[in-house]
Amino acid sequence: NAGVTQTPKFRILKIGQSMTLQCTQDMNHNYMYWYRQDPGMGLKLIYYSVGAGITDKGEVPNGYNVSRSTTEDFPLRLELAAPSQTSVYFCASSRRRQGPSGNTIYFGEGSWLTVV
Amino acid sequence: AQTVTQSQPEMSVQEAETVTLSCTYDTSESDYYLFWYKQPPSRQMILVIRQEAYKQQNATENRFSVNFQKAAKSFSLKISDSQLGDAAMYFCAYRDNTDKLIFGTGTRLQVFP
């Protein structure tokens, strides 16, 4: 099983550029999440999705957009990159929390983004 | 909104000794899930242990156990027989009834030989 796959793993962007972080999962999970982790800090929720066609804002959505056209994919779009968006980005997925398998949240390996 | 608080930015322990990491949370829900994640320098997120709020029994996974105090909204992690490989950031997390996972700010654990 591939689990949750994020691409790219590393990227350097110039201020004002745009890019998309890709996330795909092969576990048929309904729930998908994007988090950012700044140095020495915890994970902050950017956006999440409870199923195809449904997305919602998390704690820190400004400067980002998402879409969920399929169950498998949940890309994160950065528009007009700013130095404040330098961070490590994590994608995650899970089933609904109820049930024996609903408690496991699977994380990708992270995407390291630097904006200069 | 739910919040998760880890009041210990750093902790240290001698190898083979026991250490306890603290976590408190604020919620009005009665049904929720709590987690401890380990993050080594590679930044990989590794699930250590989880607890369902409706279960009174504290979860245990080998050397890792929790002290879940629902009324006090406390969820501490005890690591017994600490090993050098336990050195990492540890995050407490809460899964709410909308299935969002909310993290605390983390505790950096150092293990000394």
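Structure: above.
We now turn to the structure provided with this report.

Cut-off values and rules
- Residues numbered from 1 in each chain as written.
- Chains lettered and ligands numbered in written order.
- Predicted model: local features only at pLDDT ≥ 70, side-chain atom pairs only at ≥ 80, totals over all residues.
- Heavy atoms only, no water.
- Helix = DSSP H or I, 4+ residues; strand = E, 2+ residues; numbered from the N terminus.
- Rg over C-alpha atoms; globule rule 2.2 N^0.38 Å.
- Buried < 20%, exposed > 50% of the residue type's maximum accessible area, 1.4 Å probe, protein only.
- Contact = heavy atoms within 4.5 Å.
- Areas by Shrake-Rupley, 256 points an atom, 1.4 Å probe, with all protein chains shown as cover.
- Lys, Arg positive; Asp, Glu negative; His and termini not counted.
- Charge placed at Lys NZ, Arg CZ, Asp CG, Glu CD.
- Disulfide = S-S within 2.5 Å.

Moving on: the overall build of chain A. Looking only at helices and strands, one finds 0 helices and 11 strands in chain A. Starting at the N terminus and walking to the C terminus, you meet the elements of chain A as β-β-β-β-β-β-β-β-β-β-β. Taking 2.2 N^0.38 as the reference for a compact globule, 116 residues should give roughly 13 Å; the C-alpha atoms of chain A span a radius of gyration of 14 Å, in line with that estimate. Considered along the principal axes of its C-alpha atoms, chain A spans approximately 45 × 30 × 25 Å. Residues counted as buried form 47% of the 116 residues belonging to chain A. A sequence separation of at least 24 residues applies to 54% of the contacts in chain A between residues at least 6 apart. Total accessible area on chain A stands at roughly 5400 Å², and carbon and sulfur atoms take up 52% of it. Charged side chains in chain A number 11 positive and 8 negative. The centres of these two groups are separated by 3 Å.

Applying the stated criterion across every chain yields a total of 2 disulfides over all chains. The residue that forms a disulfide with Cys23(A) is Cys91(A), at a sulfur-sulfur distance of 1.8 Å. The chirality of the disulfide connecting Cys23(A) with Cys91(A) is left-handed, given an S-S dihedral of about -75 degrees. Taken together, the positions of Cys23(A) in strand β3 (residues 19-25) and Cys91(A) in strand β9 (residues 87-94) put the pair 68 residues apart, joining distant regions of the chain. Per residue, the accessibility class of Cys23(A) equals that of Cys91(A), and both read buried. Disulfide pairing is shown between Cys23(B) and Cys92(B); the S-S distance is 2.0 Å. Because the torsion about its S-S bond is -70 degrees, the bridge between Cys23(B) and Cys92(B) counts as left-handed. Taken together, the positions of Cys23(B) in the loop between β3 (19-21) and β4 (24-26) and Cys92(B) in strand β10 (residues 88-95) put the pair 69 residues apart, joining distant regions of the chain. Comparing Cys23(B) with Cys92(B) shows no difference in burial state: the two are buried.

Turning our eyes to something else, we now look at the environment of Gln17(A). All names here are of chain A. Relative to the elements of secondary structure, Gln17 occurs in the loop between β2 (10-13) and β3. With relative accessibility at 35%, the residue Gln17 sits in the partly exposed group. Spatially, the C-alpha atoms of Gln17 and Leu78 are 8.3 Å apart, while their sequence positions differ by 61 residues. Look past the residues within four positions of Gln17 in its chain and what remains in contact with it is Leu78, Glu79, Leu80 and Ala81.

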